[in-house]
Amino acid sequence: MSKVFMPGCSLPSYSPEGVAGIAHYLKQVFPEMGAVQKCCGKPTAALGQTELFKERFGMLQSDFSKVKAEEVIVACQSCFGMIKKFADGQQPRSLWTLLPEIGLPKELVGKAKHSDVVFTIHDSCSTRHERELQEGIRWILNELGYKTVEPKYTKENTRCCGFGGMVVPANPDVANRVIQRRVEEFETEHVVVYCAACRASMMGVEAKAWHILDLMFGPVVMQDTAPPANVLASPVKSWFNRYKSKAGLIKCMTV
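In this text the structure is predicted, and so the values were computed from the model without any measurement.

Draft legend 1. Structural detail: the pattern of salt bridges. With the rule as written, the count across this model stands at 11 salt bridges. Here Asp 123 ties to Arg 138 by a salt bridge, and the two come within 2.7 Å at their closest N and O atoms. Note that Asp 123 is positioned in the loop between β5 (118-121) and α7 (131-144) and Arg 138 in helix α7, a separation of 15 residues in sequence. Assessed through its relative accessible area of 0%, Asp 123 is described here as buried. Exposure remark for Arg 138: the relative accessible area of 12% places this residue in the buried category. Between Arg 182 and Glu 185 there is a salt bridge, with the nearest N and O atoms lying 2.9 Å from each other. Assessed through its relative accessible area of 0%, Arg 182 is described here as buried.

Draft legend 2. How the structure looks around the side chain of Ser 94. Along the polypeptide, Ser 94 turns up in strand β4 (residues 91-94). Accessibility expressed as a relative area gives 3% for Ser 94, which makes it buried. A distance of 3.1 Å separates the side chain of Ser 94 from the backbone nitrogen of Trp 96, its partner in a polar contact. If near-sequence neighbours (up to four positions away) are discounted, Ser 94 is found in contact with Val 74, Phe 80 and Leu 133.

Draft legend 3. Structural context of the nonpolar core. Among the nonpolar cores identified, the biggest contains 40 residues, and Phe 5, Ile 22, Leu 26, Trp 96, Leu 99, Leu 215 and Met 216 are the most heavily contacted of them. Looking at this core, the elements that each hand over two or more residues are α1 (10-14), α2 (16-29), α6 (95-102), β5, α7, α11 (212-217) and α12 (235-254). What Phe 5 contacts, discounting residues up to four positions off in sequence, is Val 19, Ile 22, Ala 23, Leu 26, Met 33, Gly 34, Ala 35, Val 36, Ile 73, Ala 75 and Leu 249.

Draft legend 4. Expanded view of the packing of α6 against α7. Remark: α6 packs on α7, axes separated minimally by 7 Å, with the N-to-C direction vectors making an angle of 55 degrees. Accordingly, the angle class assigned to the pair α6 and α7 is oblique. Seen along the crossing, α6 lies across α7 with a hand that is left-handed. Each of Trp 96, Thr 97, Leu 99 and Pro 100 in α6 lies in contact with α7, whose residues at this interface are Glu 132, Leu 133, Gly 136, Ile 137, Trp 139 and Ile 140. Classifying every residue of the contact of α6 with α7 by side-chain character gives 7 nonpolar, 2 polar and 1 charged.

Draft legend 5. Layout of the sheet that holds β4. The strand order across the open sheet built from 4 strands is β2-β1-β3-β4, with neighbouring strands paired in parallel fashion. A single partner strand is all that each edge strand has here, and the edge strands are β2 (34-35) and β4. Contacts between α6 and the sheet are confined to β3 (71-74) and β4, with β4 contributing the most and set at about 65 degrees to the helix.

Draft legend 6. Region of the structure containing the side chain of His 211. Mapped onto the fold, His 211 is located in strand β8 (residues 208-211). In terms of polar contacts, His 211 uses its side chain to reach the backbone amide nitrogen of Leu 213, at 3.0 Å. When neighbours within four sequence positions are excluded, His 211 is seen to be in contact with Leu 11, Tyr 14, Trp 96, Val 193, Tyr 194, Cys 195, Ala 196 and Arg 199.

Draft legend 7. A look at the state of the cysteines. For the structure on display, the rule yields 0 disulfides. Sulfur of Cys 9: no disulfide; nearest cysteine sulfur belongs to Cys 39 and is 3.8 Å away. For Cys 9, a relative accessible area of 19% puts it in the buried group. Its sulfur unpaired, Cys 198 is 3.7 Å from the next cysteine sulfur, which belongs to Cys 161.

Draft legend 8. Spatial organisation of the packing of aromatic side chains. Summed over the entire model, instances satisfying the criterion amount to 5 aromatic pairs. Look at Phe 53 and Phe 57: their rings are 5.8 Å apart centre to centre, the planes differ by 40 degrees, and that puts the pair in the tilted class. Here Phe 53 pairs with Phe 57, and both are found in helix α4 (residues 50-66), just 4 residues apart, close to one helical turn. Across the pair, Phe 57 and Phe 53 agree in class, each one buried. Ring geometry for Phe 119 versus Tyr 146: centroids 5.2 Å apart, planes at 85 degrees, classification edge-to-face. Taken as a pair, Phe 119 in strand β5 and Tyr 146 in the loop between α7 and β6 (147-149) lie far apart in primary sequence, 27 residues in all.

Cut-offs used in this document
Residues numbered from 1 in each chain as written. Predicted model: local features only at pLDDT ≥ 70, side-chain atom pairs only at ≥ 80, totals over all residues. Heavy atoms only, no water. Salt bridge = Lys/Arg side-chain N within 4 Å of Asp/Glu carboxyl O. Helix = DSSP H or I, 4+ residues; strand = E, 2+ residues; numbered from the N terminus. Buried < 20%, exposed > 50% of the residue type's maximum accessible area, 1.4 Å probe, protein only. Polar contact = N/O pair within 3.5 Å; in protein donor to acceptor, adjacent residues only side chain to side chain. Contact = heavy atoms within 4.5 Å. Core = buried A, V, L, I, M, F, W, Y, C linked by side-chain atoms within 4.5 Å. Axes fitted to C-alpha atoms, helices over the stretch in contact; angles between N-to-C directions. Parallel < 35°, antiparallel > 145°, perpendicular 65-115°, else oblique. Left-handed = near helix turned anticlockwise from the far one by under 90°. Nonpolar A, V, L, I, M, F, W, Y, C, P; charged D, E, K, R; others polar. Pairing = 2+ DSSP bridges. Disulfide = S-S within 2.5 Å. Phe/Tyr/Trp six-rings, centres within 6.5 Å; stacked < 30°, edge-to-face > 60°.

Purely geometric stuff here, so don't read any function into it on its own.
What follows is the structure, given as C-alpha cells:
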C-alpha cells in the first residue's frame, strides 16, 4: 500500500463528517489507499518535550510501516511539516495541492455560485512558505463558486491565529490578543480557514469562521447561516468526535 490518508488531530476532533466525506472521495480516486489517524507529535515538539515527541512520532512511524505507506496525504499543515522533516521513507502530500490535480467531486463544482457571502481567506502561519498549498485553497473556493477577498496580511505575510506554538495553554491572555488582532484585520465577517485549530481560535472571539471542508460537504453558506459550533472548546465532544472520525475512516477503507 503506497498511499495513506492522515487527517491529523484537530480536524477529526472537529468534523467527523468532513473527514468521512473527503476520505470517501479519495478512496474512490485511489482504491488502494489506506488511512492512519494518529498524532504527529507537534504539540510535544513545540513544548520542547524532546523525548515525548520521539515516542509520539515513533508510534506514528510504526503505523506507517505497518501499512507500507510511501505517500501520506495530509489535511493538516503541521502534520505536513513534521512528516516532511522526521518521517523515515514517507513523503507528505498536502490534500490542498492534491485536489486541484484530481478535481473536486462533480456535484460540488459550482454548488455555491448563488451564495451572497464573501469569505475572507485566512492562511495558516505554518503554510507561510507553501505557495502551491495556498493557491490550492483558492482554487477549491473558486470551484465551489464562493466569492473571496484577501486580508491585508495574507499568504507569505499571514498572521498567526493565536494557537501556534501552544500559546493558548501557556499564556491564554497573549493568545487572545493575537487572535483578536487577526480577526480585526479581516475584510468581511465571514472567514474561511483550512486548519481546525485556527477556526477554534476565531470562534473563541465570536468570529464567523468555517473550515473549507464545511464548505465542501456542508450546506451552502448564506448571509444568515450560522457557523458550526465550536466543538474544540469541549474536550469531551472533541474526543468523542475523534472516535467517530476513526470509525468513519475504518468504514471508508473497508467498503
